[in-house]
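Structure assessment
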Amino acid sequence: MPIAKVNGVETEFEPGMTVLQVAERAGHEIPRFCYHERLSIAGNCRMCLVEVKPGPPKPQASCALPAAEGQEIFTDTPMVKKAREGVMEFLLINHPLDCPICDQGGECDLQDQAVGYGRDGSRYGENKRAVEEKNMGPTVKTFMTRCIQCTRCVRFITEVAGVPDIGMISRGEGAEITTYLEKNIDSELSGNVNDLCPVGALTHRPWQYHYRPWELKKTETIDVMDALGSNIRADARGAEVMRVLPRVNEGINEEWLSDKSRYAVDGLARQRLDKPYVRENGKLRVASWDEALNAVASKIKAASADRIGVIAGDLQDAESMKATLDLFRALGSANTDCRQDGAAIGQGAREGWLFNSGLQGIENADAILIVGANPRTEAPLLNARIRKAWLKGAAEIGVIGEQVDLTYDYNYLGAGSKTLGKLPKAAVDFLTKAERPAIIVGAGALIGDTGAAVLNALGALAKKVGVVKDGWNGFNVLHTAAARVGGLDMGFVPAEGGLDVAGMLKPGALDVLFLLGADEVNASASDAFRVYLGSHGDRGAHGADVILPGAAYTEKSGLYVNTEGRVQMAERVVFPKGEAKEDWAIIRALSERVGQKLPFDTLEQLRAKLMGDHPTFGRIDYLAPGASFDVAALGAKGDLSDVAFVSTIVDPYLTNPIARASETMAELSAERTAPVVLAAE
Amino acid sequence: MSVRRLAKEQPESFAFSEDTKAKAEWWIKKYPESRRQSAVIPILWLVQKQEGWVSEPAIRAIGELLGMAYIRVLEVATFYTMFQLEPVGKTALIQVCGTTPCMLRGANELMRVCKEKIGDKDVLSADGRFTWQEVECLGACSNAPMAQINDYYYEDLTPETMAQIIDDFAAGQSPKPGSRVGRHTSEPEGGARVLTDPTLYDGSRAKKIKSLPNSQPAAEKAPA
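On a predicted model such as this, the values are computed, not experimentally measured, just so you know.

Rules and cut-offs
Residues numbered from 1 in each chain as written. Chains lettered and ligands numbered in written order. Predicted model: local features only at pLDDT ≥ 70, side-chain atom pairs only at ≥ 80, totals over all residues. Heavy atoms only, no water. Axes fitted to C-alpha atoms, helices over the stretch in contact; angles between N-to-C directions. Helix = DSSP H or I, 4+ residues; strand = E, 2+ residues; numbered from the N terminus. Parallel < 35°, antiparallel > 145°, perpendicular 65-115°, else oblique. Contact = heavy atoms within 4.5 Å. Nonpolar A, V, L, I, M, F, W, Y, C, P; charged D, E, K, R; others polar. Patch = residues over 30% accessible without salt bridge, like charges linked within 9 Å, V, L, I, M, F, W, Y side chains within 5 Å. Areas by Shrake-Rupley, 256 points an atom, 1.4 Å probe, with all protein chains shown as cover. Salt bridge = Lys/Arg side-chain N within 4 Å of Asp/Glu carboxyl O. Buried < 20%, exposed > 50% of the residue type's maximum accessible area, 1.4 Å probe, protein only. Domains from an automatic or database assignment. Pairing = 2+ DSSP bridges. Buried area = accessible area lost by both parts, 1.4 Å probe. Polar contact = N/O pair within 3.5 Å; in protein donor to acceptor, adjacent residues only side chain to side chain. Core = buried A, V, L, I, M, F, W, Y, C linked by side-chain atoms within 4.5 Å. Disulfide = S-S within 2.5 Å.

**Thoughts on the packing of helix α4 (residues 152-160) of chain A against helix α10 (residues 380-391) of chain A**
Each pair of packed helices can be summarised by the angle the axes make with each other and by the distance between the axes. All names here are of chain A. At their nearest, the axes of α4 and α10 sit 10 Å apart, and the two run at 80° to each other. Classified by the angle between their axes, α4 and α10 sit roughly perpendicular to one another. Between α4, through Thr158, Glu159 and Val160, and α10, the contact on the second element is made entirely by Ala384, Arg387 and Leu391. Per-class residue counts for the contact of α4 with α10 are three nonpolar, one polar and two charged.

Below, the structure is given as structure tokens:
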């Protein structure tokens, strides 16, 4: 490896690194505003000036300068100090002194670097420029006078989000960041520009003036708004979660976060169930825990085992599902299901329902066939990864399903199962000739009567074109629910002779229907005694006969398995609301009342049991390499018929009870039209 | 330079004329297919030539023609001050140079004349025929003060000649471009004072070139 000297100390670096990266590697912090590791290099803030020999005797922008063998880099000379002070003084000329009312205050790069690298005072006595505010949509609040024109937002939206909506118009002192005619940013990753903004020009609109960063208690946890399990940091003040920010996890969300994961948190304070309710004479009334649990227990005890059933929801932690599953099995019930959408998965090898290539691994695929999924709405950060692979020029992409704008070009192969039954030769060829082909199958293809047949056909195709082979497993199921893989891993599916979701919801099928946070099913047709355990007064709670208030994802410690099969532990940020309890504890209390006391008293014991029964849960933060499995054995042979694949997500901003309770999500849903369906060719 | 904004009142639509379309295609062909957007500046010029200014529907039309995001076209159109974002005079767009040499030679007087005859700076005259602007250096400093009117330079102006030119345009004539003191481009007044000897350029002093620098060396003479 080549060697350069940084402040007189030899430092090895990899070819292609910039001077800035070499200096960082040597342990010297370089101040910067425009430079960002995950974006292209702009070199327009000039804050990263260093002295480099050999070279002209003047400071150089280190972010855009390639490092070279034998180079001498100086980051602490008088010239560098003076250069930084000069740049900082210029940046501050037009920057307002409104830190006391600025939302960025306390976590502002400009503030920090002005203290660290700037002069002590200003010599500028003229008028500062002022810039009109711009509309950028419900997620981004602008204070454009504060903008220092680093163009990070422009580069992020253009490169990563793939929606070239933001630009810099005019020039010089008149330069302004704006969207075209101030339209809304039409990206589901728009919130990230607020994180990227090094000053307070773009701030989080939903949280405007809500908090100061130093008042918040920060807890590292896991997101449940989609099945990726993005790593987040939830910041709370008192009992309220004020905001959610991404944490870096190269394997999952890099350092981005989708708008839903970020801004749905205001839903945690609305529509909450904070007391148990019991229906009396057709009306719900507040009850005590004893009353509510006894009401449920008496109904369960009165019903025969095959007349009770449970549906687990999309946001459930693995522990509560395990407790519920064990309880219902102990009661002798086979009617258990966690697949609210009714997807035909959950049988056979675990690889059959995982995103086997891994989210990071999909970037290595050179051919990707997307079947019945809209990754842009179902998993925006996965879509950004696919876009990255496409941008590199390495991946060719085909789509069977809806023809929507995915922010990259693809070959549209067909609308549904008919295409899959008779794949055009070109479609097979592009997968066959690929070295690492991948198939991404979404719930849209696996639901309904044809689900099993479609899965089987995809398995056959995968086998034929070599999607699963030594060292590469490109068979990927893209889930839409954070709880789904955990549920399938523990076998939360109908046991022998048990009813599935559709079966349980039929009128007359059950006497007691237990909805464990299940809000995405329409239970109104069922005439069973309905028990709802959950956090929000949403679809599941409407029409329930007993409501047991549970904890939302920020209010309990729990395990979640993401679509890749990676187990992650979420932490409690705040306590459950009112009289609400953690879900597993409610199930444990209920078990005692129905005479099937579950063998654990603490969450740790429950976890130990879960990990003992299903060892995959014991490997926290571990991504198993995509093992080879018999992909052709998936699903069941059957008539493919002619069904168009439509994503199960109707409105990407209203997919779960928390999002539906969120004002921001309602606004986004109303303002951001669903992705435009392209005209069929 | 102030903040550049699109005009408040915009036409309903924009369509490329046959001629503009053909020329645009010619420009696009100059670049590889994947670099179509390189043609954005020439096409903005063509559009301005066709309409007199660049309207918002035109920006969208260019974006669609070149496969660019609208904002990218807007960035270019607002960056360059030569693109007029508001309607300008149909008869004459007068751009008076106000940079130092012209200013010292009386550009302010020219602007006073423009203001008297046409109205305020950067504002379309009431009859819609004239607009005048102050612009930065147009690179004809030796002929200061000067103004660019439509596509041509009018140089060595005085308040009187400026007024005359405006009157001529108003009368429907097209005054001859160039210097108002009768000199040829930027030669001194009264004609050139150096390099006047015709033998400098009529070839009579030229020496015959025996061998061009890179030509074959002369064949060596055979030994006697």
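**Quick notes on a nonpolar patch on the surface**
All names here are of chain B. A cluster of nonpolar side chains, namely Val194, Leu195, Leu200 and Tyr201, defines an oily patch on the protein surface of about 490 Å² accessible area. If you trace the backbone, Leu200 turns up in the segment after β5 (178-179). Classification of Leu200 as partly exposed rests on a relative accessible area of 44%.

**Here we look at the domain arrangement of chain B**
Partitioning chain B into structural domains gives domain 1 (18-79) and domain 2 (92-179). Here domain 1 of chain B and domain 2 of chain B have C-alpha centroids that lie 29 Å from each other.

**So, the sheet that holds strand β14 (residues 283-286) of chain A**
All names here are of chain A. Strand order in this open sheet of seven strands is β14-β13-β26-β25-β24-β15-β16, and the pairing throughout is mixed. The open sheet terminates on both sides in strands that have one partner only, identified here as β14 and β16 (335-337). Strand after strand, the sheet turns through a mean of 15° between neighbouring axes, direction not considered. Two strands pair when backbone bridges link them, and strand β15 (residues 308-312) and strand β24 (residues 512-516) are joined in this way by five bridges, in the parallel orientation.

**Re the interface of chain B and chain A**
Where interface size is given, it is often the accessible area lost as the parts come together that is meant. Each side of the interface is counted separately: chain B has 18 residues, and chain A has 18 residues. Summed over both sides, the interface of chain B with chain A buries roughly 1400 Å², with 57% coming from carbon and sulfur. The interface formed by chain B and chain A holds 10 residue pairs in polar contact (both at pLDDT 80 or more) in total. Counting residues per element, the ones that place at least two in the side of chain B that touches chain A are α3 (56-66) and α4 (70-79) of chain B. Take the side of chain B that touches chain A: its biggest share by element is seven residues, from α4(B). Of the residues belonging to the side of chain B that touches chain A, the class tally is 10 nonpolar, two polar and six charged.

**Looking at the pairing of strand β28 (residues 567-570) of chain A**
Residues and elements named next belong to chain A. Looking at chain direction, strand β27 (residues 558-561) and β28 are connected through four bridges and run antiparallel. Bridge pairing links Tyr560 to Gln568 in β28. The antiparallel hairpin formed by β27 and β28 contains five residues in its connecting segment, where Gly565 sits at a positive phi of about 95°.

**Things to note about the side chain of A:Asn7**
Residue and element names in this part refer to chain A. Residue position: Asn7 is located in the loop between β1 (3-6) and β2 (9-12). Given a relative accessible area of 18%, Asn7 falls into the buried group. For Asn7, the contacting residues outside a window of four places in its chain are His28, Ile73, Phe74, Thr75 and Asp76.

**Details of the nonpolar core**
All names here are of chain A. Membership of the largest hydrophobic core comes to 84 residues, with the highest contact counts inside it found for Phe475, Phe514, Leu548 and Leu590. Among the elements that make up this core, the one with the highest residue count is helix α14 (residues 451-465) (eight residues). If we ignore the near neighbours within four places in the chain, the residues touching Leu590 are Leu293, Val296, Ala297, Ile300, Leu327 and Phe514. Core analysis: the second largest hydrophobic core is formed by 81 residues, Cys34, Met47, Ala161 and Leu381 among them.

**Here's the deal with the environment of B:Ile59**
Note on placement: B:Ile59 falls in helix α3. In sequence terms B:Ile59 and B:Glu116 are 57 residues apart; their C-alpha atoms lie 34 Å from each other. Apart from the residues lying within four places of it in its own chain, the contact partners of B:Ile59 are A:Tyr180, B:Leu6, B:Val54, B:Tyr70, B:Val73, B:Leu74 and B:Ala77.

**A look at the side chain of A:Asp165**
Note that A:Asp165 resides in the loop between α4 and β7 (166-169). There is a polar contact of 2.9 Å between the side chain of A:Asp165 and the backbone nitrogen of A:Asp186. Sequence-distant contacts of A:Asp165, that is, excluding residues within four places in its chain, are made with A:Ile157, A:Thr178, A:Thr179, A:Tyr180, A:Lys183, A:Asn184, A:Ile185, A:Asp186 and B:Ile71.

**Some remarks on the state of the cysteines**
Formally, a disulfide is one covalent bond, and it connects the sulfur atom of one cysteine to the sulfur atom of another. Residues and elements named next belong to chain A. For the structure on display, the rule yields zero disulfides over all chains. No disulfide involves Cys102; its sulfur sits 6.2 Å from the nearest other cysteine sulfur, which is in Cys108. On the basis of relative accessible area, Cys102 is assigned to the buried category, the value being 6%. Of all cysteine sulfurs, the one in Cys197 lies closest to Cys150, which takes part in no disulfide; the gap is 6.1 Å.

**Focus: the pattern of salt bridges**
Under the definition given, this model contains 66 salt bridges over all chains. Residue B:Asp151 is joined to B:Lys49 by a salt bridge in which the shortest nitrogen-to-oxygen separation is 2.3 Å. Remark: B:Lys49 occurs in helix α2 (residues 40-51) and B:Asp151 occurs in the loop between β3 (147-149) and β4 (152-155); sequence separation between them is 102 residues. Assessed through its relative accessible area of 48%, B:Asp151 is described here as partly exposed. One salt-bridge network, held together by shared partners, links A:Arg38, A:Glu250, A:Glu254, A:Glu255, A:Glu363, A:Arg385 and A:Lys388.

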